[in-house]
Amino acid sequence: MPQTTHESRTEVTNLRAAFRRRAAVLTAACAAVLVAGSLSGAATSQAATSQPCDLYAAGGTPCVAAHSTTRALYGTYNGALYQVRRASDNATRDIGVLSAGGYANAAAQDSFCAGTSCVITIVYDQTGRNNRLTQAPPGGFNGPAAGGYDKLANATMAPVTLKGNRAYGVFVSPGTGYRNNATNGIATGDQPEGMYAILDGTHYNDGCCFDYGNAETNSRDNGNGTMEAIYFGNSRGWGSGSGNGPWVMADLENGLFSGANPGNNANDPTVNHRFLTSIVKGEPNHWAIRAADATSGALSTYYNGARPNAAGYNPMKKEGAIILGIGGDNSNSSAGTFYEGVMTSGYPSDATENAVQANIVAAGYAQGSGGGTALNPGSTVSLRATTACCAGRYLSHSGAGVATTAVTSASPAADKANASWIVRPGLANSACRSFESKNTPGSYLRHQNFQLYLHPNDGGVLFANDATFCSQAGVNGQGNSLVSYNFADRYIRHYNDTGYVASDGGSNAFDATAFWPDDVSWVVAAPWTP
Ligand code: AHR
């Protein structure tokens with residue numbers, strides 16, 4: 001990817017920060033002791049002096065990649081965290097921190113992306129090694145974007161707060177992925193390494209493979225042992241743990257491992273904390289899985305032992321690429337949300353990781369709001385179009401069809417009821433919403449082939465995903481926009497009065513850029529049929 005002047009400036013900043021960090025290692029070592037010893041200390045002063053990569057350095061296993069869209073991972077880091085691109089003019093903007101060692105400047109993203117949609121184009125590497133993550137290229141499998149690349153994440157789909165500071169995560173719906181195949185300092189062969197990632201434990205699927213970590217440098221399946229990455233999800237294709245999942249497992253290529261044995265290892269429990277700390281680390285004939293609630297408590301160790309009982313994983317043949325949201329061969333049917341993560345040189349001690357977990361808890365992750373009007377579960381609403389043509393029209397169904405219909409106080413009762421929706425917690429994720437028909441109980445708004453329909457809930461996973469929409473402030477500044485949970489580049493839109501889930505400038509007629517911000521923005525009105 002060619003560097004712009006803008007990006008080069010970022011790298012210079014990163015390098016300067018790296019030199020400053022080396023000078024700060026001794027300070028960080030002292031701070032690490034303090035953080036490890038006190039979970040209840042003042043988070044603000046901890047954040048200024050010692051962040052996860054300072055702790056790893058103090059433990060003798062420094063970060064060689066550090067990615068976060070929410071905060072600095074070094075106490076001195078003052079550069080860009082990530083870059084966004086807006087659809088209106090394809091301009092890009094680096095999003096930095098509020099202060100050195102601090103939280104993301106989400107307001108900069110909000111103002112840059114106002115009135116349009118934005119995707120995350122780069123997640124910068126805070127170590128100064130330029131191990132940044134960008135749009136993943138085709139490999140063993142093609143992605144759905146131009147040239148076989150994977151899609152980029154919608155920049156506003158994963159709102160969070162950290163100690164009250166607004167930030168955004170990387171929301172991976174199927175087809176989305178990031179990668180770096182030309183890295184610097186990442187473990188290769190059987191070299192030791194560690195990694196952690198903070199994930200949304202409620203956002204997952206059984207597709208291959210929502211990973212963060214070490215993978216093949218040619219985006220292809222190069223055989224057993226050519227990867228070592230954190231996997232999160234409920235795939236049972238290779239391995240599983242106890243319960244129904246999701247599980248933290250290690251993707252070691254041609255296998256998701258939950259312990260020594262291929263297949264099921266009952267000691268790897270189902271974990272679905274809203275904010276999940278996940279850890280995989282490996283060294284010659286030894287590896288471990290650890291995890292925790294990222295908002296409280298300590299890490300648990302789910303596996304700590306020898307390499308798997310299967311040929312090809314000892315010694316390992318790691319290649320040193322970095323992936324996020326995909327499998328090593330660019331398998332891209334997985335889902336998940338990433339907030340921050342690092343990879344280290346050397347096998348981190350449990351004590352170092354415990355200090356990092358304390359730092360993560362102190363960072364204060366909490367659910368954020370997408371903005372707009374609150375859509376309270378159990379309430380009934382009508383959704384009014386905001387495009388100038390159509391401001392008297394409401395999202396309605398007629399049988400299974402979904403379109404906008406003009407509704408007034410004089411309209412027949414049936415038209416009013418057709419335009420009234422009961423707000424439900426999202427069938428696929430309660431942080432988002434589903435819309436049950438007021439007059440057809442058990443039937444929900446869902447998309448199919450990107451068109452909207454009213455269908456009875458069949459109880460399946462696909463239906464739940466298709467019927468779940470995440471609410472944000474309206475793109476045009478009015479009301480709310482409703483983003484598809486499983487196609488997060490697509491928003492509920494009216495086009496020629498018909499209902500669709502539409503991307504901003506995609507290949508279908510209903511993806512047209514003209515009027516897109518207005519067509520995807522809906523005023524949440526009092527229901528025509530309460
Ligand atoms: O190991 C599981 C998956 O198998 C890898 O992520 C992918 O490269 C292969 O399809």
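Given the structure is predicted, the values throughout are model-derived calculations rather than measurements.

Thoughts on empty space enclosed by the protein
Rolled over the atoms, a probe with the dimensions of a water molecule shows which regions are left empty. One pass over the full model with this rule turns up two cavities of 30 Å³ or more. Size it by volume and the second largest cavity reaches roughly 50 Å³. Along its surface, the second largest cavity is lined by K151, L152, A153, N154, F171, S173, T176, A488 and D489. Looking at the lining of the second largest cavity, its residues break down into four nonpolar, three polar and two charged.

Looking at the packing of aromatic side chains
As enumerated under the stated definition, the model contains 14 aromatic pairs in all. Taking the centre distance of 6.0 Å and the plane angle of 75° together, the rings of Y204 and F232 count as edge-to-face. With Y204 in the loop between β11 (193-199) and β12 (211-215) and F232 in strand β13 (residues 228-233), the pair connects residues that are 28 residues apart, well separated along the chain. For Y204, a relative accessible area of 28% gives the class partly exposed. On the basis of an interplanar angle of 80° and a centroid distance of 6.4 Å, the ring pair of Y444 and F463 is categorised as edge-to-face.

Overview of the nonpolar core
Of all hydrophobic cores here, the largest spans 91 residues; its most connected members are V84, V170, Y196 and Y212. Element by element, the count of residues in this core is highest for β11, at five residues. Every residue in contact with V84, bar those within four places of it in the chain, is listed here: A91, T92, R93, I95, Q109, F112, C113, C118, V119, I120, T121 and A155. Listed in part, the 19 residues of the second largest apolar core include L375, L383, L395 and L482.

Describing the environment of F463
Along the chain, F463 falls in helix α7 (residues 461-466). Judged by relative accessible area, which is 2%, F463 ranks as buried. With 397 residues separating them along the chain, F463 and A66 place their C-alpha atoms 37 Å apart. Setting aside residues no more than four positions away along its own chain, F463 makes contact with L427, Y444, R446, H455, P456, N457 and D458.

Side note on the site of the ligand
Close to the ligand lie 13 residues; D251, E253, N254, G255 and D329 are nearest. Between E253 and the ligand, the recorded distance is 2.8 Å, taken from a side-chain N or O atom to an oxygen atom. For the ligand, an oxygen atom lies 2.9 Å from a polar atom in the backbone of G255. For the ligand, the accessible surface in isolation is 280 Å², of which the surrounding protein chains cover 94%. Of the residues contributing to the shell around the ligand, the split by class is four nonpolar, five polar and four charged.

Here we look at the state of the cysteines
Following the criterion strictly, the structure yields five disulfides and no others. Through a disulfide, C113 is tied to C118; the S-S separation comes to 2.1 Å. Negative torsions about the S-S bond denote left-handed disulfides, and the value of about -100° found for C113 with C118 makes this one left-handed. Across the pair, C118 and C113 agree in class, each one buried. Counting its disulfide-bonded cysteines in sequence order, the protein shows a connectivity of 1-2, 3-4, 5-6, 7-8, 9-10.

Quick word on unusual backbone geometry
Here the amide bond leading from C208 into C209 is cis, since omega sits at -10°, within 30 degrees of zero. Considering the arrangement of structural elements, one finds C209 in the loop between β11 and β12. P315 follows N314 through a cis peptide bond whose omega is 0°. Within the secondary structure layout, P315 lies in the loop between β20 (300-305) and β21 (321-324). Phi is positive for N254, close to 55°, though the residue is something other than glycine. Turning to its location among the elements, N254 is positioned in the loop between β15 (247-251) and β16 (256-257). Judged by relative accessible area, which is 32%, N254 ranks as partly exposed. For N330, which is not glycine, the phi dihedral falls at a positive 65°.

Quick notes on the pattern of salt bridges
In this structure the tally under the stated criterion is 17 salt bridges. Of the charged contacts, one joins E228 and K318 as a salt bridge, the two residues approaching to 2.6 Å between their closest N and O atoms. Of this pair, E228 sits in strand β13 while K318 sits in the loop between β20 and β21, and the two are 90 residues apart along the sequence. K318 matches E228 in its accessibility class, with the two residues each being buried. Note that D497 and R393 form a salt bridge whose closest N and O atoms lie 3.4 Å from each other. A residue pair is termed long-range when its members are at least 10 positions apart, and D497 in the loop between β33 (491-495) and β34 (498-502) and R393 in strand β25 (residues 393-398) qualify at 104 residues.

Things to note about the layout of surface pockets
Space inside the largest pocket adds up to approximately 740 Å³. Lining the largest pocket we find 34 residues, and of these R85, V119, D489, S503 and D504 sit closest to its centre. Mapped by element, the contributors of at least two residues to the lining of the largest pocket are β2 (82-86), β4 (118-123) and β6 (153-154). Considering only residue class, the lining of the largest pocket consists of 15 nonpolar, 11 polar and eight charged.

A few points about the side chain of N180
Relative to the helices and strands, N180 resides in strand β10 (residues 178-180). Overall, N180 belongs to the buried group, its relative accessible area being 9%. Of the polar contacts made by the side chain of N180, one reaches the backbone oxygen of R132; its length is 2.8 Å. Among the polar contacts made by the side chain of N180, one reaches the main-chain amide nitrogen of A182 at a distance of 2.8 Å.

A closer look at helix α5 (residues 350-363)
With 14 residues, α5 extends 20 Å from end C-alpha to end C-alpha; this agrees with the ideal 20 Å at 1.5 Å per step. Burial runs high along α5: 10 of the 14 residues are buried. Of the positions making up α5, those classed as buried are T352, E353, A355, V356, Q357, A358, N359, I360, A362 and A363.

Parameters and conventions
- Residues numbered from 1 in each chain as written.
- Predicted model: local features only at pLDDT ≥ 70, side-chain atom pairs only at ≥ 80, totals over all residues.
- Heavy atoms only, no water.
- 1 Å grid on protein atoms, 1.4 Å probe; cavity = no way out; pocket = protein on both sides within 12 Å on 5 of 7 lines; lining within 4 Å.
- Points joined across faces, edges and corners; volume = space filled by probe spheres on them.
- Nonpolar A, V, L, I, M, F, W, Y, C, P; charged D, E, K, R; others polar.
- Phe/Tyr/Trp six-rings, centres within 6.5 Å; stacked < 30°, edge-to-face > 60°.
- Helix = DSSP H or I, 4+ residues; strand = E, 2+ residues; numbered from the N terminus.
- Buried < 20%, exposed > 50% of the residue type's maximum accessible area, 1.4 Å probe, protein only.
- Core = buried A, V, L, I, M, F, W, Y, C linked by side-chain atoms within 4.5 Å.
- Contact = heavy atoms within 4.5 Å.
- Near = heavy atom within 4 Å.
- Polar contact = N/O pair within 3.5 Å; in protein donor to acceptor, adjacent residues only side chain to side chain.
- Areas by Shrake-Rupley, 256 points an atom, 1.4 Å probe, with all protein chains shown as cover.
- Disulfide = S-S within 2.5 Å.
- Salt bridge = Lys/Arg side-chain N within 4 Å of Asp/Glu carboxyl O.
- Expected span 1.5 Å × (residues − 1).

Without other data, these values stay purely geometric and don't point to any function.
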